[in-house]
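Each chain, written out:
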Amino acid sequence: MTAPVLVQIIGAPIACGDGVKDSWRGVAEWAAGQLKARFGEDISVQYFDLFDRECPSVPAGAQLPLVLVNGQVLSSGGKISLPLIRKHVEQLRTGVSN
């Protein structure tokens with residue numbers, strides 16, 4: 001049995017005119033549900049606020065949201081892309097590289 005693929009998503013609350021929104025956390029939770037439904041026990045998804053004590057190291061120049069897969073940067077800035085994460089996880093599981 002191999003270890004599950006670890007997806008870590010790092011974001012931060014966003015201040016706006018209506019107060020503080022935690023949009024990235026909500027998107028990350030939705031993505032985690034979709035990925036768990038597809039990959040089951042073969043995947044583990046974690047969300048971290050940038051200021052969480054347990055937050056993984058953020059590489060220099062990285063932008064939020066940051067998506068790490070098995071400790072490697074998959075995406076930095078922009079959006080949390082479920083299709084990109086899913087494709088990368090499938091490639092890892094089948095041993096196919098980009």
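In this report, we go over the structure that sits alongside the text. (Residues numbered from 1 in each chain as written. Predicted model: local features only at pLDDT ≥ 70, side-chain atom pairs only at ≥ 80, totals over all residues. Heavy atoms only, no water.)

The subject of this paragraph is the overall build of the chain. Within the chain, the regular secondary structure consists of 2 helices and 6 strands. In the chain, the order of α-helices and β-strands from amino to carboxyl end is β-β-β-α-β-β-β-α. Rg of the C-alpha trace for the chain: 14 Å, near the compact-globule value of 13 Å for 98 residues, within the 12% margin. Seen along its three principal axes, the alpha-carbon backbone of the chain occupies a region of about 45 × 30 × 25 Å. (Helix = DSSP H or I, 4+ residues; strand = E, 2+ residues; numbered from the N terminus. Rg over C-alpha atoms; globule rule 2.2 N^0.38 Å.)

Here we come to the sheet that holds strand β1 (residues 5-11). Ordered in space as β4-β1-β5-β6, the 4 strands form an open sheet in which the pairing is mixed. What marks the edges here is a single partner per strand, and that holds for β4 (43-49) and β6 (72-76). Across the sheet, the mean angle from the axis of one strand to that of its neighbour is 20 degrees, orientation sign disregarded. The pairing of β1 with β4 spans 7 bridges and is classified as parallel. Pairing of Leu-6 across the sheet is with Ser-44, part of β4. (Pairing = 2+ DSSP bridges. Axes fitted to C-alpha atoms, helices over the stretch in contact; angles between N-to-C directions.)

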